[in-house]
Amino acid sequence: MSSIARTAATGGNLDPSFFAWQTSLPFDRRLLPEDLEGSRAHVRGLLRAGLVTRDEADRLLAGLAELADEAAAGRLTLPDEEDVHMAVERCLRERLGPVADKLHTGRSRNDQVATDLALWSRRAVRALQAAIDDLLAAAERLAQRHGDVPMPAYTHRQVAIGVLAATWIDAALGRPLARDRRLLDAVLDELDECPLGAGAIAGTTLPLDREATAADLGFSRGPTNPMDAVGARDGALALVFACQRILSHLARFAADMVELCADGLWALDGAIACGSSMMPHKKNPDLFELVRGRAALGLGDLAALAALFHGLGTGYHRDLQYDKIVLFRAIDGTRDALAMITLSLGHVAPDADACRRALERGDAIATDLTELLVARGVPFREAYRRVGALVAAQRAKGARLVDLRADELTEAGFPAEAASLLDVAHAARRRAARWAG
Ligand code: ARG
């Protein structure tokens, strides 16, 4: 219940219930590896600045390395403290004695937590990019297996025009996730300034070389303005936005899948389909519905983080402590949703016959027929009306465009080539050929 971050000026001890409520240790312990990494770089900086001796630095570095090993092995129990930073310092004090009192020289938890967060976020970005790469590879394999199958593209939930499955897979996953991957590169750029050296709000008068420490930790530069560095959470906000964009793309693909399964055009295999507890015939697309639902929660995370940062004055405020809860949840949710969609791609397949029937039933060749007339010199609006009349006449008979015979098409003024469009798969391939390569 005690805290290192108190003096006579602060007053007596904290009320125990307030202490228990305000500690961030239950969630910021996840920053332990980054905190220890940042502290080791800080100790090397203290040595370079002559603020600790070689022997003191060696002892501090060894103590921090020991904590890192124990943490990695799951053997480290941290003492109750306000946060992970204080818990580490206290742990070190218990193990090393007075030399640990030099660890926090020229540093504040304000620049420390911002540094930990930047280190953690950079790792998270790389992990998300690797997860996107896995998904893109799975999408590519799916397109190789089934990409040639003609299927309906929908507008307004109705059959519009035939496309190849490869086009849909690329539109739903390939293109948007490749863009999200590039967005994450931009997020990495936002996270390329190391806050360490900014101190509490105005840096330090001690001769610490913040550029050298930044380089030591793999950043391009140190803090350029200490007031900005301790309060800036733009990298976290950009990262959560990127997560939400990824989740939205996955949710849209999931919505497509739910609809395509409902219409019998694509099917799941048992590995990713859930049953009903009552209805024995069910094979439900729960994986896709859960991804869509999880993406909705992610939207709340983005709003929560923006709200947390809104209206704070310049510099550090304790409100910022909660950024970690939202950030961790956003990253975990996005990583898991990416993994589940990647998994799903090995367990879905189109039903080519059902797709063909849907294209036929939906008169998907209407626009192709129209454009055939246009290519022969008929003004578009006239061609559009003529095909529309043909569709209406067929429907009045309970028939489809593909039920027309070749001679009926010729009689209606279509060129001989129109007969080939009665094969809806041919029509879809003919149209798709313009987008190949
Ligand atoms: N636990 C705090 C956080 O997560 C660390 C920084 C505390 N700084 C302070 N001035 N109380 O934001």
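Refer to the structure printed above.
Report on the accompanying structure. (Residues numbered from 1 in each chain as written. Predicted model: local features only at pLDDT ≥ 70, side-chain atom pairs only at ≥ 80, totals over all residues. Heavy atoms only, no water.)

### A word on a negative patch on the surface
Inference 1: A surface patch of like charges, here negative, comprises Asp185, Asp189, Glu190, Asp228 and Asp234.
Inference 2: Considering every element that reaches the negative patch, the biggest residue donor is helix α7 (residues 165-190), with 3 residues.
Inference 3: If you trace the backbone, Asp228 turns up in helix α9 (residues 226-231).
Inference 4: A residue is classified by how much of its surface remains accessible, and Asp228, at 41% relative accessible area, is partly exposed. (Patch = residues over 30% accessible without salt bridge, like charges linked within 9 Å, V, L, I, M, F, W, Y side chains within 5 Å. Areas by Shrake-Rupley, 256 points an atom, 1.4 Å probe, with all protein chains shown as cover. Salt bridge = Lys/Arg side-chain N within 4 Å of Asp/Glu carboxyl O. Lys, Arg positive; Asp, Glu negative; His and termini not counted. Charge placed at Lys NZ, Arg CZ, Asp CG, Glu CD. Helix = DSSP H or I, 4+ residues; strand = E, 2+ residues; numbered from the N terminus. Buried < 20%, exposed > 50% of the residue type's maximum accessible area, 1.4 Å probe, protein only.)

### A few points about the site of the ligand
Inference 1: Taken together, Ser24, Asp28, Asp83, His85, Arg109, Asn110, Val113, Tyr316, Arg318, Gln321 and Lys324 make up the full set of residues near the ligand.
Inference 2: Here a nitrogen atom of the ligand sits 3.1 Å away from a polar atom, N or O, in the side chain of Ser24.
Inference 3: Between the ligand and Asp83, the relevant distance is 3.1 Å, taken from a nitrogen atom to a side-chain nitrogen or oxygen of the residue.
Inference 4: Coverage of the ligand by the protein amounts to 88% of the 350 Å² it exposes when considered alone.
Inference 5: The dominant element in the shell around the ligand, judged by the number of residues it contributes, is helix α6 (residues 109-146), at 3 residues.
Inference 6: When grouped by side-chain class, the residues that make up the shell around the ligand number 2 nonpolar, 4 polar and 5 charged. (Near = heavy atom within 4 Å. Polar contact = N/O pair within 3.5 Å; in protein donor to acceptor, adjacent residues only side chain to side chain. Nonpolar A, V, L, I, M, F, W, Y, C, P; charged D, E, K, R; others polar.)

### Examining the nonpolar core
Soluble globular proteins tend to bury their nonpolar side chains together.
Inference 1: Of all hydrophobic cores here, the largest spans 66 residues; its most connected members are Leu173, Leu250, Trp266 and Phe288.
Inference 2: Elements represented by at least two residues in this core include exactly α6, α7, α10 (234-262), β3 (266-268), α11 (286-309), α12 (323-344) and α13 (352-361).
Inference 3: Broken down by element, this core gets its largest block of residues, 15 residues, from α10.
Inference 4: When near neighbours in sequence (up to four residues on either side) are disregarded, Leu173 contacts Leu135, Leu136, Ala139, Ala178, Leu250, Phe253, Ile341 and Leu345.
Inference 5: Residues Leu25, Leu78, Val88 and Leu92 belong to the second largest nonpolar core, which totals 23 residues. (Core = buried A, V, L, I, M, F, W, Y, C linked by side-chain atoms within 4.5 Å. Contact = heavy atoms within 4.5 Å.)

### Considering the pattern of salt bridges
Inference 1: Inspection of the entire model under this criterion finds 37 salt bridges.
Inference 2: Close ionic contact of Glu70 with Arg95 constitutes a salt bridge, the shortest N to O distance being 2.8 Å. On the criterion of sequence distance, the pair formed by Glu70 in helix α4 (residues 54-72) and Arg95 in helix α5 (residues 84-96) is long-range, its members being 25 residues apart.
Inference 3: In this structure Arg95 comes out as partly exposed when scored by relative accessible area, which is 36%.
Inference 4: With a shortest N-O distance of 2.5 Å, Arg329 and Asp301 are connected by a salt bridge. Of this pair, Arg329 sits in helix α12 while Asp301 sits in helix α11, and the two are 28 residues apart along the sequence.
Inference 5: Taking relative accessible area as the criterion, Arg329 reaches 40% and is therefore assigned partly exposed.
Inference 6: Under the relative-accessibility criterion, Asp301 is labelled buried at 4%.
Inference 7: Counted as one network, the salt bridges with shared partners bring together Arg356, Glu360, Arg400, Asp403 and Asp423.

### Quick notes on helix α17 (residues 424-432)
Inference 1: Residues Val424, Ala425, Ala427, Ala428 and Ala432 constitute the buried set of α17. Around the axis of α17, the buried residues are gathered within 160° of arc, so they sit on the same side.
Inference 2: Of the surrounding secondary structure, the elements contacted by the buried residues of α17 are β1 (150-155), β2 (158-164), α13 and α14 (366-375).
Inference 3: The N-cap residue of α17 is Asp423: its side-chain oxygen and the backbone nitrogen of Ala425 are 3.1 Å apart. (Arc of directions from axis to C-beta.)

### Here's the deal with the packing of aromatic side chains
Inference 1: Applying the stated rule across the entire model yields 6 aromatic pairs.
Inference 2: With centroids separated by 4.6 Å and ring planes inclined at 50°, the aromatic side chains of Trp120 and Phe328 adopt a geometry described as tilted. Of this pair, Trp120 sits in helix α6 while Phe328 is found in helix α12, placing the two residues 208 residues apart along the sequence.
Inference 3: A residue is classified by how much of its surface remains accessible, and Trp120, at 8% relative accessible area, is buried.
Inference 4: Aromatic pair Trp168 and Trp266: ring centres 5.2 Å apart, planes at 65°, arrangement edge-to-face. Separated by 98 residues along the polypeptide, Trp168 in helix α7 and Trp266 in strand β3 bring together distant segments of the chain. Both residues of the pair, Trp168 and Trp266, count as buried.
Inference 5: Members of the aromatic cluster, each reached through a chain of ring pairs, are Trp168, Phe253, Trp266 and Phe288.
Inference 6: One cation-aromatic arrangement involves Arg30 over Phe328; the distance from NZ or CZ to the ring centre is 4.9 Å. (Phe/Tyr/Trp six-rings, centres within 6.5 Å; stacked < 30°, edge-to-face > 60°. Lys NZ or Arg CZ within 6 Å of the ring centre and 35° of its normal.)

### Overview of α7
Inference 1: An ideal rise of 1.5 Å per residue puts 38 Å on 26 residues; α7 measures up with 37 Å between its terminal C-alpha atoms.
Inference 2: Ala171 marks the point of greatest bend in α7, at about 45°.
Inference 3: Contact partners of the buried residues in α7: α6, β1, β2, α10, β3 and α12. (Expected span 1.5 Å × (residues − 1). Bend = angle between axes of the 7 residues up to and from the residue.)

### Comments concerning the packing of α4 against α5
Inference 1: Where α4 meets α5, the closest approach of the two axes is 10 Å, and the angle between their N-to-C directions is 115°. Classified by chirality, the crossing of α5 by α4 is right-handed. Each of Arg59, Leu60, Gly63, Leu64, Glu66, Leu67 and Glu70 in α4 lies in contact with α5, whose residues at this interface are Val88, Cys91, Leu92, Arg95 and Leu96.
Inference 2: Split by residue class, the contact of α4 with α5 holds 7 nonpolar, 1 polar and 4 charged. (Axes fitted to C-alpha atoms, helices over the stretch in contact; angles between N-to-C directions. Left-handed = near helix turned anticlockwise from the far one by under 90°.)

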